[in-house]
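So the chains spell out like this:
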Amino acid sequence: MTNGPGAGIPAVSTAILAMSRHLEVRDVLKTIVASARELLDAEYAALGVPDDHGGFAQFVVDGVSAEQWKAIGPLPRQHGILAAMLHNATPERLADVREDPRFGGWPAAHPDMSDFLGLPVADGDEILGALFLANKRCPQDAPSRPDGCGFTEDDERLLGILAQHAAIALTNARLYERSRELTIAGERARLAHELHDAVAQKLFSLRLTAQAATALVDRDPVRAKDELHQVAALAAEAAEELRAAVVELRPAALDEDGLVATLRSQIQVLDRAHAARVSFAAHGVRALPSAQEEAVLRVAQEALHNALRHSGAESVEVTLSRDGQGALLRIADDGCGFDPGAVRRAGRHLGLVSMHDRAGGVGGRLTVESEPGKGTAVEMEVPGG
């Protein structure tokens, strides 16, 4: 790779576009590191996000295998050259990092590094991280040298441009994650409020019915028996409300289990908790970017909520299938349906606006088909990564 001014700018532009495609912090960090390494044709690249305890909250590497990284051991601490970049906010370009007086060595499994280029990633006065490269490869038209070719001023300039945009991408990703946390917290608060109201009403009715049964035991045993049957039915409904709410309040295990396993687990619980039969099938689905998986899960939950609470359905079928590089989610019920012409009323009542927003927010599309007396089908298409 030639890193002159004419060849470098298009490569930087490509790297910037790659970073802007991601919203999750971890994905942004990985893309920054991979882009920097490719842009400057280095053997190794890394980015460390400092914590407040002299270490790193996150540390992402490129050019080191998973086995080698595991053998290296614990994350590095903020010391030596890394500390200088973080504390002084200054670039570091060294012909041989091992000869720098601040160099303190590295673990036995650590790859050998010589030439070094590092820059802080900063948002104003806040240092977000330290981005560094090691072992510059020699261009194909240059003779190979035992000590490598070393990083140049042009390399430092290009990495500086990348670091500036990396700061923007990382800040945006942090804001997105914070916004999502607040949204999830808001949804959990709303569900908790719904749980309180629904169960409180059931328990209030349960208490009144039990009192009525007690009063009728001696003078009208037949009516008392009917009231006790009603007590049992109300108790079952209260238990059903509790089970369903617990499922919705429990944080989704997307990061650990993936979309298919998370959906299957939640739908199995809903099937046990509700009188309606709730089924799930997945067909050839690939892993999607985390933002898409989050949106698919939330739309599925909203549509299931509608089908189980409002439609009177006896059967709800959920399918998730591969659609090109993306996926197609379908939730179909045999319930009462509604008139799609009444968009405003139905949209507010069934959360259709929220579902449309979630789909559109990840580049997807939501369609709803329904007719009074003939059930409802919600479909969501999302692109792949």
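Residues numbered from 1 in each chain as written. Predicted model: local features only at pLDDT ≥ 70, side-chain atom pairs only at ≥ 80, totals over all residues. Heavy atoms only, no water.

**A word on the nonpolar core**
Using the following cut-off: In this text, buried Ala, Val, Leu, Ile, Met, Phe, Trp, Tyr and Cys residues form a nonpolar core when linked through side-chain atoms within 4.5 Å. Exposure is judged per residue with a 1.4 Å probe applied to protein chains only, and the accessible area is read against the type maximum: over 50% gives exposed, under 20% gives buried, and values in between give partly exposed. The way it works is that DSSP assigns letters per residue, a run of H or I at least four long becomes a helix, a run of E at least two long becomes a strand, and they are numbered from the N terminus. The contact criterion used is simple: two residues touch if any of their non-hydrogen atoms lie within 4.5 Å.
Of all hydrophobic cores here, the largest spans 35 residues; its most connected members are Leu259, Leu263, Leu304, Val316, Leu320, Leu329 and Met380. At the level of elements, helix H7 (254–273), strand E6 (277–283), helix H8 (290–309), strand E7 (315–323), strand E8 (326–333), helix H10 (352–361) and strand E10 (376–382) are the ones that each hand at least two residues to this core. In terms of residues, this core owes the most to one element, H8, which gives 10 residues. Discounting chain neighbours no more than four positions away, the residues touching Val316 are Arg277, Val278, Ser279, Leu304, Ala307, Leu308, Ile331, Ala332 and Asp333. Listed in part, the 31 residues of the second largest apolar core include Val28, Leu131, Leu158 and Ala167.

**Digging into the sheet that holds E10**
Put simply, the test is: A pair of strands is treated as paired once DSSP finds two or more bridges between them. Lines fitted to C-alpha atoms define the axes here, with helix axes fitted over just the stretch in contact, and angles between the N-to-C directions of these axes take values from 0 to 180 degrees.
The strand order across the open sheet formed by five strands is E6-E7-E8-E10-E9, and the pairing between neighbours is mixed. Both edges of this open sheet fall to E6 and strand E9 (365–370), since each of them pairs with a single strand only. Each adjacent strand pair in this sheet contributes to an overall mean axis angle of 10°, direction not counted. As paired elements, E6 and E7 share seven bridges and run parallel to each other. Note on E7: the bridge partner recorded for Arg277 is Ser315.

**Looking at the sheet that holds strand E4 (residues 116–123)**
Strands in a sheet are paired, the pairing made by backbone hydrogen bonds, and the direction either parallel or antiparallel. Judged by pairing direction, the sheet is antiparallel, and its five strands sit side by side in the order E2-E1-E5-E4-E3 without closing on themselves. Strands at the two margins of the open sheet, each flanked by one partner only, are strand E2 (56–62) and strand E3 (92–94). The sheet shows a mean angle of 15° between the axes of neighbouring strands, taken without regard to direction. Packing of helix H2 (residues 25–40) onto the sheet brings it into contact with strand E1 (42–50), E2, E4 and strand E5 (126–136), and relative to E2 it is tilted by some 40°.

**Some thoughts on helix H4 (residues 80–88)**
Owing to its 3.6 residues per turn, the α-helix aligns residues three or four sequence positions apart on the same side. The set of residues buried in H4 consists of Ile81, Leu82, Ala83, Ala84, Met85 and Leu86. Along its buried surface, H4 packs onto E1, E2, E3, E4 and E5. Following H4 by one or two positions, Ala89 has its phi on the positive side, about 55°.

**Here we look at the state of the cysteines**
What counts, and what does not: The disulfide criterion used throughout: a pair of cysteine sulfur atoms within 2.5 Å.
What the rule picks out here adds up to one disulfide. Each sulfur of the disulfide joining Cys138 and Cys149 lies 2.0 Å from the other. Looking along the S-S bond of the Cys138-Cys149 disulfide, the torsion reads about 115°, which is the right-handed sense. Taken as a pair, Cys138 in the loop between E5 and helix H5 (153–216) and Cys149 in the loop between E5 and H5 lie far apart in primary sequence, 11 residues in all. The class of Cys138 is partly exposed, set by a relative accessible area of 21%.

**Looking at the pattern of salt bridges**
Note the cut-off: By convention in these notes, a salt bridge is any Lys or Arg side-chain nitrogen within 4 Å of a carboxyl oxygen on Asp or Glu.
Taken as a whole and assessed by the stated rule, the structure comprises 14 salt bridges. Put simply, Arg98 and Asp112 hold a salt bridge, and the shortest N to O gap is 2.9 Å. On the criterion of sequence distance, the pair formed by Arg98 in the loop between E3 and E4 and Asp112 in the loop between E3 and E4 is long-range, its members being 14 residues apart. When salt bridges with common partners are traced through the structure, they connect Glu92, Asp100 and Arg102 into a single cluster.

**Thoughts on the side chain of Lys136**
To keep things clear, this is the line we draw: Polar contacts, as counted here, are pairs of nitrogen or oxygen atoms within 3.5 Å of one another; within protein the pair requires one atom able to donate a hydrogen and one able to accept it, and residues that are adjacent in sequence qualify only if both atoms are side-chain atoms.
Mapping Lys136 onto the fold places it in strand E5. Assessed through its relative accessible area of 10%, Lys136 is described here as buried. There is a polar contact of 2.9 Å between the side chain of Lys136 and the backbone oxygen of Leu40. Here the side chain of Lys136 touches Asp155 through a polar contact of 3.3 Å, side chain to side chain.

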